[in-house]
Amino acid sequence: MAGRAALSAGGAALEAAGGSGAGQVRARLRLATRLAAAGIADERVIGVVTQVPRHLFVDEALATHAYDDSALPIGHGQTISQPYTVARMTAALLAQGSCSTVLEIGTGSGYQTAVLAALVRRVYSIERVAALWHRAEARLRSLRCRNVRLRHGDGSVGWQEYAPFDGILITAAANGVPRRLAAQLGPGGRMVLPLSTADGQVLVCLTRTKVGFRHEVLEPVTFVPLLGGVA
Ligand code: SAH
């Protein structure tokens with residue numbers, strides 16, 4: 001079980017490989033302060049926001065906006081999620097203590113993957129767009145996130161080989177809870193995902209109980225859609 005501000009091996013490596021100047025360090029601290037003020041109470045998550053170099057997860061042309069609390073384009077019609085949303089989803093996933101293994105669907109830039117890698121033992125992440133998968137793989141390797149395994153594929157079928165997972169985080173909006181993913185959650189495991197409803201998208205936390213699943217609706221969100229197949 002990870003202690004409050006304790007980081008996994010992935011977090012320590014990030015700190016060493018962050019490659020950031022003083023300006024970026026200050027920008028991360030400002031972002032972390034802003035997220036705490038917006039209601040992110042989990043100090044582990046806030047601590048990781050101060051460490052992960054988000055400017056390395058966006059195009060150089062957008063680097064000056066990397067520490068704004070906003071989603072940014074990453075190509076292929078996709079976006080790097082808003083830092084508040086990354087923090088909110090991570091905190092919801094870890095709210096019952098800690099997770100050992102987490103499956104992420106929608107690697108995108110790899111930023112959320114790096115945040116998770118600093119907080120859990122092992123992260124598995126699946127991306128359907130080959131070009132994004134390649135880029136994320138190179139970034140996470142250069143940041144020495146060694147507790148991460150990436151895969152190119154359709155994440156809605158999960159990753160049976162490594163199941164069950166303590167946590168599953170989906171970073172694209174589904175029309176319903178993907179059944180095959182829910183089946184890969186271990187006892188007491190949690191899945192955090194954006195769901196599309198008639199009234200818009202909401203962030204949902206699903207917990208596997210002895211008798212089924214408990215649903216909790218967290219807040220409205222905006223995500224790109226979860227798509228089938230690969231690109
Ligand atoms: N966490 C990422 C979010 C990227 S946006 C980040 O912060 O950078 C969502 C990502 O989900 C996109 O890269 C999109 O290609 C991917 N995606 C959508 N449907 C998918 C599916 N079925 N399987 C795997 N990835 C998917």
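> Explain the overall build of the chain here, please?
Looking only at helices and strands, one finds 7 helices and 9 strands in the chain. Rg of the C-alpha trace for the chain: 16 Å, near the compact-globule value of 17 Å for 231 residues, within the 12% margin. In the chain, buried positions account for 51% of the 231 residues. A separation of at least 24 residues holds for 58% of the contacts in the chain among residues at least 6 apart in sequence. Carbon and sulfur atoms provide 53% of the accessible area of the chain, an area that totals close to 10400 Å². The average position of the 24 basic charges and that of the 16 acidic charges among the side chains of the chain differ by 5 Å.

> What am I meant to see in helix H4 (residues 83–93) here?
At 3.6 residues per turn, the α-helix brings residues three or four places apart onto the same side. Here H4 lies mainly inside the structure; 10 of its 11 residues are buried. Looking at H4, one finds that the buried residues are Pro83, Tyr84, Thr85, Val86, Ala87, Met89, Thr90, Ala91, Ala92 and Leu93.

> Would you take a moment to explain helix H6 (residues 130–142) for this structure?
Taking 1.5 Å of rise per residue, 13 residues should cover 18 Å, and H6 covers 19 Å from first to last C-alpha, within 8% of that figure. Within H6 the residues assigned to the buried category are Leu132, Ala136, Arg139 and Leu140. Down the axis of H6, the buried set is contained in an arc of 90 degrees. They therefore lie on one face. For H6, the exposed residues lying more than 90 degrees away from the buried face are His134, Arg141 and Ser142. Here the buried face of H6 lies against strand S1 (72–75), strand S2 (78–80), helix H5 (111–117), strand S4 (122–127) and strand S5 (148–152). The first or second residue beyond H6 is Arg144, which carries a positive phi of 60 degrees.

> What is the right way to look at empty space enclosed by the protein in this model?
A probe matching the size of a water molecule, rolled over the atoms, marks out where space remains unfilled. Scanning the entire structure with this criterion turns up 1 cavity of 30 Å³ or more. There is about 50 Å³ of room inside the largest cavity. Lining the largest cavity are Phe57, Val58, Asp59, Ile74, Gly108, Ser109, Leu132, Arg135 and Arg139. For the lining of the largest cavity, the leading source of residues is H6, giving 3 residues. A class-by-class count of the residues in the lining of the largest cavity yields 4 nonpolar, 2 polar and 3 charged.

> What exactly am I supposed to notice about unusual backbone geometry here?
Peptide bonds are trans in most cases, and residues, glycine excluded, mostly fall at negative phi. With an omega dihedral of 0 degrees, the bond running from Ala163 to Pro164 counts as a cis peptide bond. When you line up the elements, Pro164 lands in the loop between S5 and strand S6 (165–170). One non-glycine residue, Arg144, lies in the positive phi region at around 60 degrees. Summarising the element assignment, Arg144 is placed in the loop between H6 and S5.

> Looking at this model, I keep getting lost on the site of the ligand. Mind explaining?
The local shell around the ligand holds 25 residues, among which Ser109, Glu127, Asp154, Gly155 and Leu227 are the closest. One of the backbone nitrogen or oxygen atoms of Gly155 is found 2.8 Å away from a nitrogen atom of the ligand. For the ligand, the protein covers 99% of the area, taking 570 Å² as the surface of the free molecule. For the shell around the ligand, the secondary-structure elements that each account for two or more residues are S2, strand S3 (101–105) and S4. Of the residues forming the shell around the ligand, the biggest block, 3 residues, is contributed by S2. Here the shell around the ligand is composed, by residue class, of 10 nonpolar, 11 polar and 4 charged.

Calculation rules
- The residue numbering used here restarts from 1 in each chain and proceeds along that chain's sequence as written.
- Only residues with pLDDT of at least 70 are given local features in this predicted model, and only at 80 or more are side-chain atom pairs given and counted; all residues enter the totals for whole chains, interfaces and linings.
- Neither water nor hydrogens contribute to the side-chain values; these are computed over all heavy atoms in the structure.
- The helix count covers DSSP runs of H or I at least four residues long, the strand count covers runs of E at least two residues long, and both are numbered beginning at the N terminus.
- Each radius of gyration reported is based on C-alpha atoms, and the globular scaling rule is 2.2 Å times the count of residues to the power 0.38.
- Only protein chains enter the accessibility calculation, which uses a 1.4 Å probe. A residue is then buried if its area is under 20% of the maximum for its type, exposed if over 50%, and partly exposed in between.
- By the convention used here, residues are in contact when the closest approach between their heavy atoms is within 4.5 Å.
- Each accessible area is a Shrake-Rupley estimate made with a 1.4 Å probe; only the visible protein chains count as cover when residues are assessed.
- Note that His is not counted, nor are the chain ends; the positive residues are Lys and Arg, and the negative ones are Asp and Glu.
- To locate a charge, take atom NZ for lysine, CZ for arginine, CG for aspartate or CD for glutamate.
- One less than the residue count of a helix, multiplied by 1.5 Å, gives the span that helix is expected to have.
- Comment: arc refers to directions from the helix axis out to C-beta atoms.
- Cavities and pockets were defined on a 1 Å grid built over protein atoms only: a cavity is a set of grid points that admits a 1.4 Å probe from which the probe cannot escape, a pocket is an open set flanked by protein on both sides within 12 Å along at least five of seven lines, and lining residues are those with an atom within 4 Å of any such point.
- Grid points are joined across faces, edges and corners, and a volume is the space filled by probe spheres set on the points.
- We call Asp, Glu, Lys and Arg charged. Ala, Val, Leu, Ile, Met, Phe, Trp, Tyr, Cys and Pro are nonpolar, and the rest, Gly among them, are polar.
- Being near a molecule or strand, for a residue, means having at least one of its heavy atoms within 4 Å of it.
- Any N or O atom pair separated by 3.5 Å or less is treated as a polar contact, with the protein-specific requirement of one donor-capable and one acceptor-capable atom, and with residues adjacent in sequence counted only for side-chain atom pairs.

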